[in-house]
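# Examination of the molecular architecture
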Amino acid sequence: MRERSAWITDAQSPDGCLKFPMNIWLVNHGRALRIALRRLIAAPLITLLSLLAIGVALALPAGGQMLLNNVQRLMGSTSATPQISVFMATDAGRGAATELGARLKKHPAVKQQRFLPREDTLQRMKANAGLREVIDVLPNNPFPDAFIVTAIDDQPATLDLLVEEFRQWPKVAHVQLDSAWARRLEALLRLGRNVVTLLGGLLATGLTAITFNIIRMQVLTHRAEIEVSQLLGATNGFICRPFLYFGALLGFAGGATAWLLIAAAAWWLRTPLDELLHLYEFTYSLQSLSLADAALLLGIATGLGWLGALLSLGQHLRHS
Amino acid sequence: MIRFDRVAKRYPPGIDALSALSFEMTAGDMLIVSGHSGAGKSTLIKLVAAIEKPTSGAVLVGGQNVGTLSRSALPFLRRRLGLVLQDQKLLFDRSVFENVMLPLSIIGFPPKEAMQRVRAALDKVGLAMREKALPIALSGGEQQRLAIARAVVSRPALLLADEPTAHLDAETAADVARIFHEFHRAGVTVLIATYDGHLFPDARTLRLDHGCSVA
Ligand SMILES: Nc1ncnc2c1ncn2[C@@H]1O[C@H](COP(=O)(O)OP(=O)(O)OP(=O)(O)O)[C@@H](O)[C@H]1O
Ligand SMILES: [Mg+2]
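Residues numbered from 1 in each chain as written. Chains lettered and ligands numbered in written order. Predicted model: local features only at pLDDT ≥ 70, side-chain atom pairs only at ≥ 80, totals over all residues. Heavy atoms only, no water.

## Describing the side chain of asparagine 70 of chain A
With respect to the helices, strands and loops of the structure, asparagine 70 of chain A is situated in helix H3 (residues 44-77). Those residues in contact with asparagine 70 of chain A that sit more than four places away from it in its chain are Tyr284, Ser285, Leu286 and Gln287 of chain A. (Helix = DSSP H or I, 4+ residues; strand = E, 2+ residues; numbered from the N terminus. Contact = heavy atoms within 4.5 Å.)

Written out as structure tokens, the structure is:
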């Protein structure tokens, strides 16, 4: 009789288990995660190859982004703001220079101006052994007094006008805009950024396709289990969850692989790059992905893996 | 509990598996469906579990017309049933224990209590010592009993079984029949399709012949 009541009590409640709604959620997700992990570990070679495929696919755009960030940081450290160099005539004399300095200071379009006395320039040039011999032969200082000017508005058109204006000033021999290289580099950077975006879009699609296919195979190998689960009253969510976790985990691990690949590449390139930059008199050290970028990479990879799994399940569970 | 109202089932090429079948089962009933091979016994079971939909007529389970159930409502019907199909649909890559655990995982049963229930169910069918075995390592009768354990572990109000004693020797078949009797005595509504009607002498019998009920 005791047994009778035990079997009946549960028989009365429609799905046996409404008493633990909070737990159900946790239990269900914990279970799905465990199954997904077990499936990843069960086929280590396939998992490893998939991770490598995803890792390389993600490392290309992410690595490109890293390089762009480095180039930008390098530009920042060498002041990419355009400067105007104003060279005076060599026979102008210090008085004219002082006058010009005052005039620049008063000019409304000028943000900053720095005076480079010709003596200092001479000293600086003499520091170079090769140049010193040449300079020593010359009868007098070949360098003019100069001003380095930065403008408030650094739009190219405004700068060009300013250059023209300075050229008209007395005792000014030569005016030069030092921004051309920075502009070219900036245009290149912009192009690079577009290329990285394009590459990222393409490879994100590729990653989604990779997980789509992996999940398709998973669904096929688990046909029997899916069918039996449906017979026993499993909801679509219950059946899909392990596959979604599988896709997300694969994406996450693939993202981590990409991050490792990039970190390894950065470490590998750092020394030769430092040496190269040193030859161009830059001191700059290659930076790997920042923490925020790495987190973004992992997040996107996880999301794409999940998306691939979702699309695949929509396609392959519909008619079962 | 179950009501068939002039139910007909025709399979695609034009095979009439059931025609104008009407019968009723109240809660706590035990009903045996018998008949020759191809009479429509499995079809009847599948209609109750909404594995197939009737071509015409209504199949009511617990007052619900299961023929018109939406896909999203289906799981909740199935959870109220214990289902033993003719081909038992065991998972051969999972242990005996995991096979019986599956229905409880599906309803999100707390793991600790679920484990106790699985052991109780296995104990009931005499498989307590084989929980780590794979189904392939079980005899035919043991596989049959495993399927029963999986059907009853969630303690459903309604137990459906299709040929649960097929291919078993007389003694094992009697064992399996005894298990169903126990559930019936415990208040579960039991519907069994079988040739071995003599194993359930006290139960009402619905005899099918070419999809029609014969007295
Ligand atoms: N999926 C299907 N497609 C087409 N015809 C089917 C299908 N399932 C069953 N049938 C046909 O319906 C009729 C009834 O089949 P059913 O399986 O219900 O018989 P049964 O009484 O269970 O037979 P058995 O005792 O051999 O299991 C048979 O003629 C069978 O060939
Ligand atoms: Mg049959």
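Moving on, there is more to tell.
## A few points about the domain arrangement of chain A
With domains assigned, chain A is organised as domain 1 (27-76 + 184-316) and domain 2 (83-178). The centre of domain 1 of chain A, based on its C-alpha atoms, is set 52 Å off from the matching centre of domain 2 of chain A. (Domains from an automatic or database assignment.)

## Considerations on the interface of chain A and chain B
Listed by partner, the interface residues are 32 residues for chain A and 33 residues for chain B. Between chain A and chain B, a total of about 3,000 Å² is buried, with carbon and sulfur atoms accounting for 61% of that surface. At the surface where chain A touches chain B, the tally comes to two salt bridges. Arginine 94 of chain B is the partner of glutamate 225 of chain A in a salt bridge, and the nearest nitrogen-oxygen pair spans 2.6 Å. Our count for the contact surface shared by chain A and chain B stands at four residue pairs in polar contact (both at pLDDT 80 or more). (Buried area = accessible area lost by both parts, 1.4 Å probe. Salt bridge = Lys/Arg side-chain N within 4 Å of Asp/Glu carboxyl O. Polar contact = N/O pair within 3.5 Å; in protein donor to acceptor, adjacent residues only side chain to side chain.)

## Here's the deal with the packing of aromatic side chains
All told, the structure shown has three aromatic pairs over all chains when counted by the stated rule. Seen from their ring centres, phenylalanine 4 of chain B and phenylalanine 23 of chain B are 4.7 Å apart, and the 25 degrees between their planes marks the pair as stacked. Here phenylalanine 4 of chain B, found in strand E1 (residues 2-11), pairs with phenylalanine 23 of chain B, found in strand E2 (residues 15-25); they are 19 residues apart in sequence, far enough to count as distant. For phenylalanine 4 of chain B, a relative accessible area of 2% translates into the label buried. Lying across the ring of phenylalanine 243 of chain A, arginine 39 of chain A places its NZ or CZ 4.8 Å from the centre. Over the ring of tryptophan 169 of chain A we find arginine 103 of chain A; its NZ or CZ atom is 4.1 Å from the centre of that ring. (Phe/Tyr/Trp six-rings, centres within 6.5 Å; stacked < 30°, edge-to-face > 60°. Buried < 20%, exposed > 50% of the residue type's maximum accessible area, 1.4 Å probe, protein only. Lys NZ or Arg CZ within 6 Å of the ring centre and 35° of its normal.)

## Regarding the sheet that holds strand E6 (residues 81-84) of chain B
Residue and element names in this part refer to chain B. Strand order in the open sheet formed by six strands is E6-E7-E8-E3-E9-E10, and the pairing between neighbours is mixed. Of all the strands in the sheet, the pair left with one neighbour each is E6 and strand E10 (212-214). For this sheet, the mean angle separating the axes of adjacent strands, direction not counted, is 20 degrees. On top of the sheet, helix H1 (residues 41-48) reaches strand E3 (30-35), E6, strand E7 (158-162), strand E8 (189-193) and strand E9 (204-209); it is set at about 150 degrees to E7, its chief contact. (Pairing = 2+ DSSP bridges. Axes fitted to C-alpha atoms, helices over the stretch in contact; angles between N-to-C directions.)

## Examining the coordination of the magnesium ion (ligand 2)
All names here are of chain B. Around the magnesium ion (ligand 2), the protein contributes the donor atoms Ser42 (OG) and Gln86 (OE1), which lie 1.8 to 2.2 Å from the metal centre. In this pair, serine 42 is assigned in helix H1 and glutamine 86 in the loop between E6 and helix H3 (96-106), connecting sequence segments 44 residues apart. Assessed through its relative accessible area of 44%, glutamine 86 is described here as partly exposed. (Donors = N, O, S within 2.8 Å, 3.2 Å for Na, K, Ca; no water.)

## Brief notes about the nonpolar core
Ranked by internal contacts, the top residues of the largest apolar core, which has 41 residues, are Leu122, Phe180 and Phe200 of chain B. Residue assignment for this core shows that the elements contributing at least two residues are E3, H3, helix H4 (111-124), helix H5 (140-152), E7, helix H6 (170-185) and E8 of chain B. Setting aside chain neighbours within four positions, we find leucine 122 of chain B in contact with Val96, Phe97, Val100, Leu127, Ala128, Glu131, Leu146 and Ala149 of chain B. In this structure, Met66, Ile214 and Ile215 of chain A together with Leu91 of chain B belong to the second largest nonpolar core, which totals 38 residues. (Core = buried A, V, L, I, M, F, W, Y, C linked by side-chain atoms within 4.5 Å.)

## Regarding the site of ligand 1
All names here are of chain B. As a structural note, the neighbourhood of ligand 1 is formed by 14 residues, with Ser37, Gly38, Lys41, Ser42 and Thr43 the closest of them. Contacts to ligand 1 include lysine 41, whose side-chain N or O atom sits 2.7 Å from an oxygen atom. In the complex, 67% of the free accessible area of ligand 1, which totals 630 Å², lies under the protein chains. Breaking the shell around ligand 1 down by element, the ones donating at least two residues are E2 and H1. Considered class by class, the residues forming the shell around ligand 1 number five nonpolar, seven polar and two charged. (Near = heavy atom within 4 Å. Areas by Shrake-Rupley, 256 points an atom, 1.4 Å probe, with all protein chains shown as cover. Nonpolar A, V, L, I, M, F, W, Y, C, P; charged D, E, K, R; others polar.)

## Considerations on the packing of H3 of chain B against H4 of chain B
All names here are of chain B. Where H3 meets H4, the axes come as close as 9 Å, and the angle between the chain directions of the two elements is 120 degrees. In terms of orientation, H3 lies oblique with respect to H4. Relative to H4, H3 is oriented so that their crossing is right-handed. On the side of H3, the interface is formed by Val96, Phe97, Val100, Met101 and Leu104, while H4 contributes Pro111, Ala114, Met115, Arg117, Val118, Arg119, Ala121 and Leu122. Considered class by class, the residues forming the contact of H3 with H4 number eleven nonpolar, no polar and two charged. (Parallel < 35°, antiparallel > 145°, perpendicular 65-115°, else oblique. Left-handed = near helix turned anticlockwise from the far one by under 90°.)

## So, H5 of chain B
Over its 13 residues, H5 of chain B extends 19 Å from the first C-alpha to the last, a length consistent with the 18 Å expected when each residue adds 1.5 Å. Most of H5 of chain B is tucked away: twelve of the 13 residues are buried. (Expected span 1.5 Å × (residues − 1).)

## Brief notes about the pattern of salt bridges
It is possible for side chains bearing opposite charge to pair when their charged atoms get close. Applying the stated criterion to the full structure yields 17 salt bridges over all chains. Glutamate 119 of chain A is the salt-bridge partner of arginine 94 of chain A, the closest N and O atoms lying 3.2 Å from each other. Separated by 25 residues along the polypeptide, arginine 94 of chain A in helix H4 (residues 93-106) and glutamate 119 of chain A in helix H5 (residues 118-126) bring together distant segments of the chain. Judged by relative accessible area, which is 39%, arginine 94 of chain A ranks as partly exposed. Across the salt bridge formed by arginine 119 of chain B and glutamate 131 of chain B, the nearest N and O atoms sit 2.9 Å from each other. Taken together, the residues arginine 119 of chain B in helix H4 and glutamate 131 of chain B in the loop between H4 and H5 connect sequence positions twelve residues apart. By relative accessible area, arginine 119 of chain B is classed as partly exposed at 39%.

## Observations concerning the sheet that holds strand E4 (residues 172-177) of chain A
Residues and elements named next belong to chain A. Read from one edge of the open sheet, four strands run E2-E3-E1-E4, paired in antiparallel fashion. This sheet does not close on itself; its edge strands, each paired only once, are strand E2 (110-116) and E4. On average, each strand axis in the sheet is tilted by 20 degrees relative to the strand beside it, whichever way the strands run. Where strand E1 (residues 84-88) lies against E4, five bridges are found, and the strand directions are antiparallel.

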